[in-house]
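So the chains spell out like this:
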Amino acid sequence: KMASEAGQAPSSASRTGLVFDEKMMQHHEPGHPECPERISRIYEQLNKDGLAQRCLHLPARDATEAEILTVHTTEHMERMKKLPSLSDEDLDTEATQYNSIFFSKGSLESALLSCGSLLELTEAVVKGKVRNGAAVIRPPGHHAEHDCAMGFCLFNNVAVAAAVARKTLGVKRVLIIDWDVHHGNGTQHMFYEDNQILYVSLHRFDGGTFYPAKQDAGPSHVGAGRGQGYNVNVAWNTRLVGDAEYLMAFYRVIMPIATSFDPDLVFVSAGFDAARGDPLGGCNITPGGYAQMTHLLSSLAGGRVIVALEGGYNLTSISLSMAACVEVLLGDAPQLPSLTPTADHIRKAAIASIELSIQHLAPFWPLLASSPPKPAAAAAPTSPAAAAASPAPGAPATGPPNVDELASIIADSLGLGK
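As the structure is a computational prediction, the values presented were derived from the model and not from experiment.

1. Overview of the pattern of salt bridges
Scanning the model with the defined rule gives 16 salt bridges in all. With a closest N to O distance of 2.7 Å, Arg 138 and Glu 34 form a salt bridge. Placement of Arg 138 in the loop between strand S3 (132–135) and helix H6 (157–168) and of Glu 34 in the loop between strand S1 (16–19) and helix H1 (37–48) is noted, with a sequence separation of 104 residues between them. For Arg 138, a relative accessible area of 0% gives the class buried. For Glu 78, the salt bridge goes to Lys 81, with nearest N and O atoms at 3.2 Å. Taken together, the positions of Glu 78 and Lys 81, both in helix H3 (residues 74–81) and three residues apart, correspond to about one turn of that helix.

Shown next, in the form of structure tokens:
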């Protein structure tokens, strides 16, 4: 049921935009984890939970060639345009020219719709038609390089949207938070020398062996030229990293930098393959963890936050996780994270990763060098529920949580208060 049919609704400018089109399911490969059902199952969950009905549904559209070329080469565009004319055998042969790619007859149409739908949502947010939004799109984008498809990604959806927002929509500063379990190599490379687009990635690194298995996914790669300090890698070197570790990275690294950067627009490259139960990611984030991260980001850019699907291959996990994010975008209180005590080896490895990121970024963001606020500085709540629900003084009940109080609980979970 479309939002316009759902009865009395708030004005569109106070609402959450939602974009989805089943035509993006035409890109397919039997047995492949990046399957069409990824988006249909998410959309079904949003409807089941009554969330889709509360959103303003925006039309899907194709990205134009000019929009694609803001970050991609003409040569790459031309190769993708030839896909519909190729035989199945030639499509398979063409796919072997790339790293972890498949093609089908519907790949180009799906990829253009995926990118264009995000652009439609971006324009709606920037122009105030909606407050924020979610893009249930595929194929994903963050591995796609300027000159080639890669890692299940044909066009770099978020990178195109960020570039178009700056070039044609008057946006000055863009923050991209990439919480997909894999490093967004394509996005990093496209903006590595740009100080108006802050790219932040939290991902498994495993010493450079985890896909895409490049050393520039490490924490020492902080940008170049005028972009020094504007590329942030929080690179995990262990499995089973979960809510507490991600939220501590937000508290210690991401939110201080992001707040100082003061973006006009926030994109989340929302891969859900770090979710508990994902067959590829091996991490442990719950829907509540994703909800809390979305909640924190909503304090930035006047709430102009766009959550765009990237990876994630457990259909139940991605559906529940995206639903938890959309709840927050709609203004609901975030689900609670899982902050049970972390295993010692995971805790130590995660803290080491966070501290290494701080070490490399502090020369560009001096506020990172200062000690975080002491947990005792706030009236520490007695439970994660109290921390998640406790607003800052003067904030609405569903506003950003009291970060110091939540950090106290996270610190206890990681054993930092002992």
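The discussion continues.
2. Regarding the sheet that holds strand S5 (residues 197–204)
Read across the sheet, eight strands follow the order S2-S1-S3-S8-S7-S4-S5-S6 without closing on themselves; strand pairing throughout is parallel. Edge positions in the sheet fall to strand S2 (56–57) and strand S6 (231–236), since each of these pairs with one other strand and no more. Pairing geometry for S1 and S3, over four bridges, is parallel. Residue pairing across strands places Leu 18 opposite Ala 134, the latter belonging to S3. The sheet strands contacting helix H5 (residues 107–126) are S1, S3, strand S7 (265–270) and strand S8 (305–309), and the helix crosses S3 at an angle near 175°.

3. Things to note about the packing of aromatic side chains
Summed over the entire model, instances satisfying the criterion amount to nine aromatic pairs. Ring geometry for Trp 179 and Tyr 290: centres 5.4 Å apart, planes at 50°, overall tilted. One end of the pair, Trp 179, is in the loop between strand S4 (174–178) and helix H7 (185–190); the other, Tyr 290, is in helix H9 (residues 287–297), with 111 residues separating them in the sequence. Like Tyr 290, Trp 179 is buried. With a centroid separation of 5.5 Å and an interplanar angle of 70°, the aromatic rings of Tyr 230 and Trp 365 are classed as edge-to-face. In this pair, Tyr 230 sits in the loop between S5 and S6 while Trp 365 sits in the loop between helix H11 (344–361) and helix H12 (384–389), placing the two residues 135 residues apart along the sequence.

Cut-offs applied
Residues numbered from 1 in each chain as written. Predicted model: local features only at pLDDT ≥ 70, side-chain atom pairs only at ≥ 80, totals over all residues. Heavy atoms only, no water. Salt bridge = Lys/Arg side-chain N within 4 Å of Asp/Glu carboxyl O. Helix = DSSP H or I, 4+ residues; strand = E, 2+ residues; numbered from the N terminus. Buried < 20%, exposed > 50% of the residue type's maximum accessible area, 1.4 Å probe, protein only. Pairing = 2+ DSSP bridges. Contact = heavy atoms within 4.5 Å. Axes fitted to C-alpha atoms, helices over the stretch in contact; angles between N-to-C directions. Phe/Tyr/Trp six-rings, centres within 6.5 Å; stacked < 30°, edge-to-face > 60°.

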